Structures are given as C-alpha cells and as structure tokens.
Amino acid sequence: KTKTLNMVLYVVGLGLGNEKDITVRGLEIVKSCDHIFLEAYTSILGGVPKERLEEFYGKPVTIADRGMCENDADDLIIEPAKEKNVSFLVVGDPVCATTHTDLILRAREVGVKVEVVHNASIMGAAGSCGLQLYSFGHTVSIPFFRENWRPTSFYPKIKYNRLGGMHTLCLLDIKVKEPDFEAMMKGKTKFLPPRFMSVSTAAEQLIEAEETIKEQAYNVDSTLCIGLARMGQETQKMVAGTLKELTQVDMGEPLHSLIICGELHDLEFEVVKEFLIEGSSFTMEKQES
C-alpha cells in the first residue's frame, strides 16, 4: 500500500464571482501554502487577472494551462506536494470537471494526501433562473463547430433528457491558449486569442444539429431555452426564448451557458417569464409533452 505523506495537495474552489468568492477556509489554506497553481483552461474567474489574486492572497500564483494540467502535473504540481503544501485553484467547484478528478486520483496513487474545498458552481447557479435543480438530467458540453468537424454527441443526451421531461444544462466551449498550427508550421510557437462560445452561437449550432439529425430532440421554434451569462457576478444576465430567438440575443461578456427546458411547471415559469423575450413565440400552452 502507498504510504500517505504529511503534506497536502489542496484542490480549492474559487466560486463564480471574483477573488472574494473563495471561502474563508479556502483563503486560510491558500495563504498557508508553499505553492499555488490556478487552473486556467476549463473556466475563467470573471475577468480577474492573476495579479489581483496574488495581491489578495499575498502569494505568487502560477497559471496552470492545459499543457501543464495534462502533461506536466505529476512533476510540477503533484511531486512538490510530497514535501510542501500545494494549492490547486479551480474556478467554480473542484469536482465539476473530469480534469480535476484525474489530478486527485493521480496524486492519491503516489501517496499524496488530497483535500477538496468546495464552492459555488454553474451546476447550482443555474437554478437562479427559476428551474428546479431536481428536474435537470445529463449536463452536456457544446464544442465549437469547425469547417470539417461538427460533433453532435450532445444531441442524444438532450433527447434523452427531454423524453424524461428533464432540463439540460449546456456548458459552452472555451478555447484558451490554443496552438496556432499555421504559425507552428513556420517554426513559430504562437497561440490563438482566447475564444468563448456565446449563447447565440450555441443556439445556431443546436439548430444545425436538429436540422441535420431530425429526431425532434427539441423544437427550434417552440422549445423554451434560457441563456445565462456571468452567473454569480454583479452583471449576471438571463434571457429566455426559443433557440431561433436566442440566435439574435447579445448576452455580453463571457462566460455563457444555455439551458434547454424539459417539462416546465407553473411555479418554474412564474420565475422564468420575468426574463422571457418580449413577443416570444413560446407559451405554456404550446409546451410539448
């Protein structure tokens, strides 16, 4: 059996708003750690730069990009945790992305003690729109379509949810520090500017998926959907309408998410109708069974 060491790898949730959304326990832990890493490719913290976090913690912070998390975590994050306390900071809650679960498993395999400090995540904040969290099914990810790669693995899960009357939370793609292959072919290491999928782009892609597969997982003209932006921040925004209507909505700065509604209860709609697009073609009477 692997011997457990005295030092700890803390996986700390930062919440959704800004640097002050960390829990009191999380902040105490971060301030006591020798090394601090900020995971920076599955999400972003409300436009808060690394320098602001460093000022708040009184400690230097190392950005952990995709390359570090997937290729170098054993050497750069887990190995130091054998001899010193290390914090790995995650926007939202640490256990909402498989990346972080993988890191936790790898650390425990080599005897590093791991403690998780939870926080608010989009999985809970989605309930702000009035939908009951008990009524959600599978969460899906919507990746950016490319010219010759238009994956629709999300489609059968949405169909499954809606057949059971369940809502679907769609997490929208973000591209951070993606390599510029054209530059690399010329021998230069260059990264593309960050891209964050908007609600309108997600709506367009969902419409295309329905038009391609044609299994009526949802109706682009009558199924109610809800666009979410910057949840947990002062500027959070929610807009409800059909997919066709949401293609025309500007939700502003990232991060965005989208909910495809299943069966709506009257109490849920009482809240949702507050941010229903004026003149929307959705009505409770039209709601499909």
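See the structure shown above.
Right, let's walk through the structure included here. Please read all numbers here as calculations on a predicted model, not as lab measurements. (Residues numbered from 1 in each chain as written. Predicted model: local features only at pLDDT ≥ 70, side-chain atom pairs only at ≥ 80, totals over all residues. Heavy atoms only, no water.)

1. Observations concerning the sheet that holds strand β7 (residues 168-172)
Pairing within the open sheet is mixed, and its five strands lie in the order β6-β7-β12-β10-β11. Strands with a single pairing partner mark the edges of an open sheet, and in this sheet they are β6 (140-142) and β11 (237-241). Pairwise comparison of adjacent strand axes, ignoring direction, gives a mean angle of 25 degrees for this sheet. Strands in contact with helix α6 (residues 154-163) are β6, β7 and β12 (256-260); relative to β6, the strand with the most contacts, it is inclined by about 140 degrees. Along the sheet, helix α8 (residues 199-213) makes contact with β6, β7, β10 (225-229) and β12, crossing β12 at roughly 40 degrees. (Pairing = 2+ DSSP bridges. Helix = DSSP H or I, 4+ residues; strand = E, 2+ residues; numbered from the N terminus. Axes fitted to C-alpha atoms, helices over the stretch in contact; angles between N-to-C directions. Contact = heavy atoms within 4.5 Å.)

2. Focus: the sheet that holds strand β1 (residues 8-13)
Taken in spatial order, the five strands of this open sheet run β3-β2-β4-β1-β5, and their pairing is parallel. Every interior strand has two partners, whereas the edge strands, β3 (62-64) and β5 (113-117), have only one. Put simply, the sheet's adjacent strands are angled 25 degrees from each other on average, direction ignored. Across three bridges, strand β2 (residues 35-39) lies against β3 in parallel orientation. Residue pairing for β3: Leu38 is matched across the bridge by Ile63. Its contacts with the sheet place helix α1 (residues 24-32) against β1, β2, β4 (86-90) and β5, and it is angled at close to 140 degrees to β5.

3. With respect to the environment of Leu76
Here Leu76 shows up in helix α3 (residues 66-78). What makes Leu76 partly exposed here is its relative accessible area of 39%. Between the C-alpha atom of Leu76 and that of Lys237, which follows or precedes it by 161 residues, the distance is 38 Å. Setting aside anything within four residues of it in sequence, one finds Leu76 in contact with Phe37 and Met68. (Buried < 20%, exposed > 50% of the residue type's maximum accessible area, 1.4 Å probe, protein only.)

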